[in-house]
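Understanding the architecture of this molecule
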Amino acid sequence: MKFTDGNWLVKEGFKLHSPSEVHSVEQGEGSLTILAPCRHIRHRGDTLEGPVLSIGLSTPMADVIRVEISHFEGVKRRGPRFMINIDDDTAFSVAEDEAAINFMSGALTARVNKSEWALDFIGGDEQITGSGTRGMAYIEKDDGTSYIRDQLDLGVGECVYGLGERFTAFVKNGQVVDIWNRDGGTSSEQAYKNIPFYLTNRGYGVFVNHPECVSFEVATERVSRVQFSVPGEYLSYYVIYGPTPKEVLEKYTVLTGRPALPPAWSFGLWLTTSFTTSYDEETVNQFIEGMAKRDLPLHVFHFDCFWMKEYHWCNFDWDRRVFPEPEAMLRRLKERGLKICLWINPYVAQRSALFAEGVKHGYFLKRPNGDVWQWDLWQPGLAVVDFTNPAASKWYKDHLKRLIRMGVDCFKADFGERIPTDVVYFDGSDPAKMHNYYAFLYNKVVYEILEEELGKGNAVLFSRSATAGGQQFPVHWGGDCSATYPSMAESLRGGLSLCLSGFGFWSHDIGGFEDTATPDLYKRWVAFGLLSSHSRLHGSKSYRVPWLFDEESVDVLRFFTKLKCRLMPYVFAAACEASQRGIPVMRAMILEFPDDPGCDHLDRQYMLGESLLVAPVFHPQGEVAYYLPDGKWTSFLTNEVVRGGCWVTECHGYLSLPLMVRENSIIPVGYEENKPDYDYPQGVTFHVFELQDGQTCRAEVPRLDGDLAMSIGIRKEGRRYSVKAEGQAEDWSILLRNIPSLASDTGLNWEKDVLGVRILPGDLLEFDFEV
């Protein structure tokens, strides 16, 4: 939202009041409060009029400073509020001299200039951003509404990332972003998952602590600043110092919640009925048997909306016309080793058997006159469940509990974006703030019942809507994309933006949701999809089983599904890191290579974990151009070594894509190629790539519960390698990629492999050898 007309003028109908100087400072328990009049005080008479702003500084944890700007403090601040994790014992210090006040938390300092207002943030010894002249402002509109904004400086070459799952340009400079969840597909500026958090390539992030619509002007109203504003009399935000992007995400996810660890089986291949296709139990069985017949590993089967009868969503009852014996059907499917997913949404249609019950007990959102809020879009006459009502949440959970006990393992928690604002909530919440926050409550309720019924560590969703904190309830997918290469690319952009917004796991509809992909596009999207954190075949009006595209599609799906299963010790270790540190599984290049300016704008490639670079193919001729940062890179698939620090252009067949391993890396590869959940340390092979002289590389292998099972470190000094492993594993080995042989006197059991040299340590956990 813009308030100015160019650099000099204020837009008609607005008045801006910016702090001019520091009048007084009060230090309280855990905070500092500064009184800042919006005029210079020359004599007592200047104190007789306002506005005067109160600026509070506090710290919830080291290296994080909270800024609170308020005008009229008698205005009631209605909820909801984001759940913020605060350490009340965080140490801070205050230093004051004639010129400035310094508020210090860890390595971050907020410096307030006294005589001419300025609020600067110093990270380490360097100013990272600041709110300068006329940046902070209380704004009056001539219709009586008010706003508070702040503007934080951008340096030369500074790039802004995040703000949720956005399908627009990856670098947000030059964009106007309103944090307001919408059901708009993947081809516009609208977004399902709006997160009021951004980070930059200068070592810090900013979280605007408001669930309502926050309007961001990212290098637009002022091209050297990021502006954010909210309606009302109060604005709160956090400046988070890294100094690396990873450390920014670690601290942000401490504040708003770490991603939970999804169960290992959820990383396998998901297949669905698709949306409006015609299907019954026979169709489902044909798909599953067709996958098995073609040696295509399948791990989760999803029933989309029409598992329920039309016009009845949601009644949580199977449509007995097409699924006459759902309990027996689910039992048969689970005997095949499959997990079961069902589609749900937070709405109840008027024809649903649950509608009258919900009306009677007050379980739905209401209009101000007391009527139930309804409309005809999506499901005619639908009502929206009010999750601020504990009884309504329990009612919703109880219906899901019945399905879980029938054999359902997870839910696709769809929708939750089109939440009305002309409503009244059970707990009196502000409907403007609840519009985005509703997604948090909805996903929380569904996730909680899965945990309650299946146990901690066994819950997983497939959710579309989210707000800040929603990363605690994975997994999220990218919504309604189309079967085109541009839509495949925009999906990746959105996923990378979301993963720079605190979310650890992300997926997308392989082959595109709308329309039907060409065989060429389907095969390229399969490779991308199986090298994402989660992998699902799903469509709208047509099925996504590979043999409906061509026979080669079957081969491609088989190859990449089995590859992902073998990579699961590595992928699940990255998932554990996401859960423990907040570092996503799919990482924009800037996250792993923050000091390489060549990575600042890259959005058609990514790192899967810290060591594997993935560059999906977006061209029907198989052409792909990708950037390799400095160092030696090895193709995981072909073993070819390429020197980085440059762009590489290649042409790939369907059973290939650039899958490059950075130097000084160990990739643990499992023995199992048909399922994602197995005993990872059993028979694991540690592939070692281009270990440089004087360097040490490490890898960890988790158990299925996320605990550490085994770790290994290998150091190279000249021709000598030193290995130290900890933990327990049987039949494990080390594969030195592109090493032709070991010295003859090593005393180790080793053998030549087509990819290099394989060492079989047996019971040894610590040993040396030379090559």
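The structure displayed is predicted, hence computed values, not measured ones.

So, about the packing of helix α5 (residues 390–406) against helix α6 (residues 431–454). Contact pair α5 / α6: the axes reach a minimum separation of 10 Å and the direction vectors enclose 45 degrees. Our classification of the angle between α5 and α6 gives oblique. In the packing of α5 onto α6, the handedness of the crossing is right-handed. In this structure, α5 contributes Ser-393, Tyr-396, Lys-397, Leu-400, Lys-401, Ile-404 and Arg-405 to the contact, and α6 contributes Tyr-442, Val-445, Val-446, Glu-448, Ile-449, Leu-450, Glu-452, Glu-453 and Leu-454. Looking at the contact of α5 with α6 residue by residue, the class counts come to nine nonpolar, one polar and six charged.

Let us now look at the sheet that holds strand β4 (residues 24–28). Remark on secondary structure: sheet strands pair via backbone hydrogen bonds, oriented parallel or antiparallel. Read across the sheet, eight strands follow the order β4-β5-β6-β7-β21-β18-β17-β15 without closing on themselves; strand pairing throughout is antiparallel. Of all the strands in the sheet, just β4 and β15 (160–164) have a single pairing partner and so form its edges. This sheet shows a mean twist of 20 degrees between the axes of neighbouring strands, independent of strand direction. As paired elements, strand β7 (residues 64–70) and strand β21 (residues 234–241) share seven bridges and run antiparallel to each other.

This brings us to the pattern of salt bridges. The final tally for this structure, using the stated rule, is 50 salt bridges. Among the salt bridges present, the one from Arg-321 reaches Glu-310, with a minimum N-O distance of 2.7 Å. Taken as a pair, Arg-321 in the loop between β23 (300–303) and α3 (326–335) and Glu-310 in the loop between β23 and α3 lie far apart in primary sequence, eleven residues in all. Overall, the relative accessible area of 52% leaves Arg-321 in the exposed class. A salt bridge links Glu-327 to Arg-320; its shortest N-O distance comes to 4.0 Å. For Glu-327, a relative accessible area of 37% translates into the label partly exposed. Salt bridges sharing partners connect three or more residues here, namely Lys-246, Glu-250, Glu-577, Arg-581, Arg-587, Glu-592 and Arg-662.

A separate point is the side chain of Asp-120. Assignment of secondary structure puts Asp-120 in strand β11 (residues 118–123). Within polar-contact distance, the side chain of Asp-120 engages the side chain of Gln-127 at 3.3 Å.

Mean pLDDT for the protein chain: 97, with 100% of residues reaching 70 or above. Here β4 is the element of the protein chain with the lowest mean pLDDT, 95, and strand β34 (residues 612–614) is the one with the highest, 99.

Across its twelve residues, helix α1 (residues 245–256) extends 16 Å between first and last C-alpha, which sits within 8% of the 16 Å expected from 1.5 Å per residue. Of all twelve residues that make up α1, ten are buried, and the element is covered over most of its length. Among all positions in α1, only Pro-245, Lys-246, Val-248, Leu-249, Glu-250, Lys-251, Tyr-252, Thr-253, Leu-255 and Thr-256 are buried. Positioned one or two residues after α1, Gly-257 has a phi angle of 115 degrees, which is positive.

It is worth spelling out the packing of aromatic side chains at this point. Per the stated rule, a full pass over the model turns up 57 aromatic pairs. Measuring from ring centre to ring centre gives 5.5 Å for Phe-303 and Phe-323, while their planes differ by 85 degrees; the resulting arrangement is edge-to-face. Of the two residues, Phe-303 is situated in strand β23 and Phe-323 in the loop between β23 and α3; the sequence distance between them amounts to 20 residues. With relative accessibility at 0%, the residue Phe-303 sits in the buried group. With a relative accessible area of 0%, Phe-323 lands in the buried category. Here the aromatic rings of Trp-318 and Phe-323 are separated by 5.4 Å at their centres, their planes lie at 75 degrees, and the arrangement is edge-to-face. One exposure class covers both Trp-318 and Phe-323, and it is buried. Each residue in the set Phe-82, Phe-197, Phe-207, Tyr-238, Tyr-252, Tyr-437, Phe-440, Tyr-447 and Phe-473 is aromatic and connected to the rest through ring pairs, giving one cluster. Of note, Arg-77 hangs over the ring of Tyr-234, and the distance from its end group to the ring centre comes to 3.5 Å.

Turning our eyes to something else, we now look at the sheet that holds strand β14 (residues 146–153). Ordered by their spatial adjacency, six strands build an open sheet running β3-β13-β14-β20-β19-β16, and the pairing between neighbours is antiparallel. Two strands lie at the open edges of the sheet, namely β3 (14–17) and β16 (175–178), each paired on one side alone. This sheet shows a mean twist of 20 degrees between the axes of neighbouring strands, independent of strand direction. Both β14 and strand β20 (residues 225–231) contribute to a ladder of seven bridges, which runs antiparallel. Residue Asp-153 lies in a different strand from β20, and its bridge partner there is Arg-225.

The side-chain alternation of strand β22 (residues 269–272) yields two buried faces, one formed by Leu-269 and Leu-271 and the other by Trp-270 and Thr-272. In this structure, β22 lies alongside strand β31 (residues 535–537), joined through three bridges in parallel fashion. Along β31, the bridge assignment pairs Leu-271 with Leu-537. Direction of pairing for β22 relative to β23: parallel, over a ladder of three bridges. Note that in β23 the partner of Leu-271 across the bridge is Phe-301. For the segment spanning β22, helix α2 (residues 281–293) and β23, crossover handedness is right-handed.

Our next topic: the pairing of strand β41 (residues 685–689). Taken across its five residues, β41 has five buried, putting it largely inside the fold. Residues Thr-685, His-687 and Phe-689 line one face of β41 and the alternating positions Phe-686 and Val-688 line the opposite face, and both faces are buried. Relative to β41, strand β40 (residues 665–669) runs antiparallel, the two being bridged by five bridges. Bridge assignment links Pro-668 to a residue of β41, and that residue is Phe-686. Judged from the four bridges that link them, β41 and strand β45 (residues 733–737) form a sheet pairing that is parallel. Along β45, the bridge assignment pairs Phe-686 with Ile-734.

Scoring rules and cut-offs
Residues numbered from 1 in each chain as written. Predicted model: local features only at pLDDT ≥ 70, side-chain atom pairs only at ≥ 80, totals over all residues. Heavy atoms only, no water. Axes fitted to C-alpha atoms, helices over the stretch in contact; angles between N-to-C directions. Helix = DSSP H or I, 4+ residues; strand = E, 2+ residues; numbered from the N terminus. Parallel < 35°, antiparallel > 145°, perpendicular 65-115°, else oblique. Left-handed = near helix turned anticlockwise from the far one by under 90°. Contact = heavy atoms within 4.5 Å. Nonpolar A, V, L, I, M, F, W, Y, C, P; charged D, E, K, R; others polar. Pairing = 2+ DSSP bridges. Salt bridge = Lys/Arg side-chain N within 4 Å of Asp/Glu carboxyl O. Buried < 20%, exposed > 50% of the residue type's maximum accessible area, 1.4 Å probe, protein only. Polar contact = N/O pair within 3.5 Å; in protein donor to acceptor, adjacent residues only side chain to side chain. pLDDT = per-residue confidence, 0-100. Expected span 1.5 Å × (residues − 1). Phe/Tyr/Trp six-rings, centres within 6.5 Å; stacked < 30°, edge-to-face > 60°. Lys NZ or Arg CZ within 6 Å of the ring centre and 35° of its normal. Right-handed = clockwise from strand over helix to strand, strands pointing away.

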